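# Summary of the model geometry
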Amino acid sequence: AEQAGPAQGQAQKLHELGAAQGERLVDEVLSRRAEMCDQNLASEARRPDVCAAPPQTSSMMASCGSLDNILLLTDSYKVTHHLQYPPGTETIYSYFECRGGAYQEVCFFGLQYYLKKYLCGPVVTAAKIDQAEAFCKVHFSNPVWGYNEKIFNRAAWLHILREHKGHLPV
């Protein structure tokens, strides 16, 4: 008989946990991410070479409420992707894949939770747009040349809010 690999063992453990315990596990991971966010913000605030954030933005991000804001759940460089598409682009698609590692197999876990938590229903609100824009203004500002208003695509997010009632068009 073929032995189960580490990924199969992990999949079996997750299956045994059941849906409720799986959600608690994901919540625990997200809560640790919030702690890490707090630590990183505190560390950045102590650096003399980093622009100081306006008090309202700093306290907003220090609370890590951004983990509930789909506009902020991305890598920084992706905020500017809209500037890189050729004029007239109307459709794009994305995918993800495992880039390899120590294991021959990967057990993907958490997609259903993520879809339900972040992509179902009206997830874009005026408050979330304002929060994301305020964060981007601090994050992308430079002490010498300031902030480029083109970086955060407020018009596109407002379009989603108005035309799709806050539902992501996916």
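Report follows, based on the coordinates. Bear in mind that the values here come from a model prediction, so they are computed numbers and not experimental data. (Residues numbered from 1 in each chain as written. Predicted model: local features only at pLDDT ≥ 70, side-chain atom pairs only at ≥ 80, totals over all residues. Heavy atoms only, no water.)

Let us now look at the nonpolar core. Core analysis: the biggest nonpolar cluster contains 18 residues, and Ile70, Leu71, Val124, Ile129, Phe152 and Leu168 have the highest contact counts within it. Residue assignment for this core shows that the elements contributing at least two residues are helix H4 (126-139) and helix H5 (154-163). Counting residues per element, this core draws most heavily on H4, which supplies three residues. Apart from residues no more than four positions distant in its own chain, isoleucine 129 is found in contact with Leu71, Val124, Phe152, Arg154, Trp157, Leu158 and Leu161. (Core = buried A, V, L, I, M, F, W, Y, C linked by side-chain atoms within 4.5 Å. Buried < 20%, exposed > 50% of the residue type's maximum accessible area, 1.4 Å probe, protein only. Helix = DSSP H or I, 4+ residues; strand = E, 2+ residues; numbered from the N terminus. Contact = heavy atoms within 4.5 Å.)

Moving on to a nonpolar patch on the surface. The grouping of Phe96, Phe108, Leu111, Tyr114 and Leu115 at the surface amounts to a nonpolar patch, some 510 Å² of accessible area in total. Structurally, the position occupied by leucine 115 is in helix H3 (residues 111-119). (Patch = residues over 30% accessible without salt bridge, like charges linked within 9 Å, V, L, I, M, F, W, Y side chains within 5 Å. Areas by Shrake-Rupley, 256 points an atom, 1.4 Å probe, with all protein chains shown as cover. Salt bridge = Lys/Arg side-chain N within 4 Å of Asp/Glu carboxyl O.)

Applying the stated criterion to the full structure yields one aromatic pair. With centroids separated by 4.9 Å and ring planes inclined at 45°, the aromatic side chains of tyrosine 114 and tyrosine 118 adopt a geometry described as tilted. Taken together, the positions of tyrosine 114 and tyrosine 118, both in helix H3 and four residues apart, correspond to about one turn of that helix. (Phe/Tyr/Trp six-rings, centres within 6.5 Å; stacked < 30°, edge-to-face > 60°.)

Locating glutamate 133 in the fold gives a position in helix H4. Discounting residues that sit within four places of it in the chain, glutamate 133 has contacts with Phe152 and Arg154.

Before going further, it helps to spend a moment on unusual backbone geometry. The phi angle at lysine 165 is positive, at roughly 55°, despite the residue not being glycine. If you trace the backbone, lysine 165 turns up in the segment after H5. Residue classification places lysine 165 among the exposed residues on the basis of a relative accessible area of 63%.

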